[in-house]
Amino acid sequence: MQPFTAEVVRILKEIPEGFVVTYGQVARMAGSPRAARQVVRILHTLSEKHDLPWHRVVNIRGEIAVPSEDSKEIQRMLLQGEGVVFLADGRVDLEQFK
């Protein structure tokens, strides 16, 4: 595993229940602020293998960014189950849950 990938996996495993981070925040914490898309790829390919809390990562606007409507609903339900509240427009208040 590449060092950046290993660091992203470590960071993701440390996101506490009931909190969210953005892809860009994870990239910055891992030392590569312009690598948000790489974080997406890591989540997509390694979430199951490493039991990553993929549902705790949203886009910069606080929106669920997975392409499938079914996956969006699953992510929303998982976050709500952890106490994350969504605004009327469907976004997470990043200031409240980061």
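None of these values were measured; they are calculated from a predicted model.

Participant: Honestly, the packing of aromatic side chains in this entry has me stumped. Any pointers?
Facilitator: The geometry of an aromatic ring pair comes down to the distance between the two centres and the angle between the two planes. Evaluation of the coordinates by the stated rule reveals zero aromatic pairs. Looking at Arg76, its charged tip hangs above the ring of Phe86, at a distance of 4.2 Å from the centre.

Participant: Quick question: what am I supposed to make of the nonpolar core here?
Facilitator: Nonpolar side chains tend to gather and get buried jointly when the protein is soluble and globular. With 18 residues, the main nonpolar core has Phe4, Val8, Leu12, Val26, Val39, Leu43 and Val57 as its most contacted residues. Contributing elements (two or more residues each) for this core: helix H1 (3–13), helix H2 (23–29) and helix H3 (36–50). Ranked by residues supplied to this core, first place goes to H1 with five residues. Residue contacts for Leu43: discarding those within four places in its chain leaves Leu12, Tyr23, Leu52, Trp54 and Val57. Grouped together as the second largest cluster of nonpolar side chains are 10 residues, Val20, Val58, Phe86 and Leu94 included.

Participant: Explain the confidence of the model for the protein here, please?
Facilitator: Low pLDDT means the predicted coordinates in that region are not meant to be read closely. Within the protein, residue pLDDT values average 94, and 100% of them lie at 70 or more. Ranking the helices and strands of the protein by mean pLDDT puts H2 first, with 97, and helix H5 (residues 94–97) last, with 84.

Participant: What's the story with unusual backbone geometry in this structure? I'm lost.
Facilitator: Residue Asp51 is not a glycine yet carries a positive backbone phi of 50 degrees. Relative to the elements of secondary structure, Asp51 occurs in the loop between H3 and strand E2 (57–58).

Participant: Can you walk me through the pattern of salt bridges in this structure?
Facilitator: Proximity of charged atoms lets side chains of opposite charge pair with each other. A complete count under the given rule lists six salt bridges for this structure. Across the salt bridge formed by Arg61 and Glu63, the nearest N and O atoms sit 3.1 Å from each other. When its relative accessible area of 48% is taken as the criterion, Arg61 is described as partly exposed. In the salt-bridge network here, residues are joined through shared partners; they are Glu7, Arg10 and Glu14.

Participant: Looking at this model, I keep getting lost on the packing of H1 against H3. Mind explaining?
Facilitator: Across the interface, H1 lies against H3 with an axial gap of 10 Å and an inter-helix angle of 65 degrees. Classified by the angle their axes make, H1 and H3 are roughly perpendicular. In this structure, the crossing between H1 and H3 has a hand that is right-handed. Between H1, through Phe4, Thr5, Val8, Val9, Leu12 and Lys13, and H3, the contact on the second element is made entirely by Gln38, Val39, Ile42, Leu43, Leu46 and His50. Its residues assigned to classes, the contact of H1 with H3 comprises eight nonpolar, three polar and one charged.

The rules we used
Residues numbered from 1 in each chain as written. Predicted model: local features only at pLDDT ≥ 70, side-chain atom pairs only at ≥ 80, totals over all residues. Heavy atoms only, no water. Phe/Tyr/Trp six-rings, centres within 6.5 Å; stacked < 30°, edge-to-face > 60°. Lys NZ or Arg CZ within 6 Å of the ring centre and 35° of its normal. Core = buried A, V, L, I, M, F, W, Y, C linked by side-chain atoms within 4.5 Å. Buried < 20%, exposed > 50% of the residue type's maximum accessible area, 1.4 Å probe, protein only. Helix = DSSP H or I, 4+ residues; strand = E, 2+ residues; numbered from the N terminus. Contact = heavy atoms within 4.5 Å. pLDDT = per-residue confidence, 0-100. Salt bridge = Lys/Arg side-chain N within 4 Å of Asp/Glu carboxyl O. Axes fitted to C-alpha atoms, helices over the stretch in contact; angles between N-to-C directions. Parallel < 35°, antiparallel > 145°, perpendicular 65-115°, else oblique. Left-handed = near helix turned anticlockwise from the far one by under 90°. Nonpolar A, V, L, I, M, F, W, Y, C, P; charged D, E, K, R; others polar.

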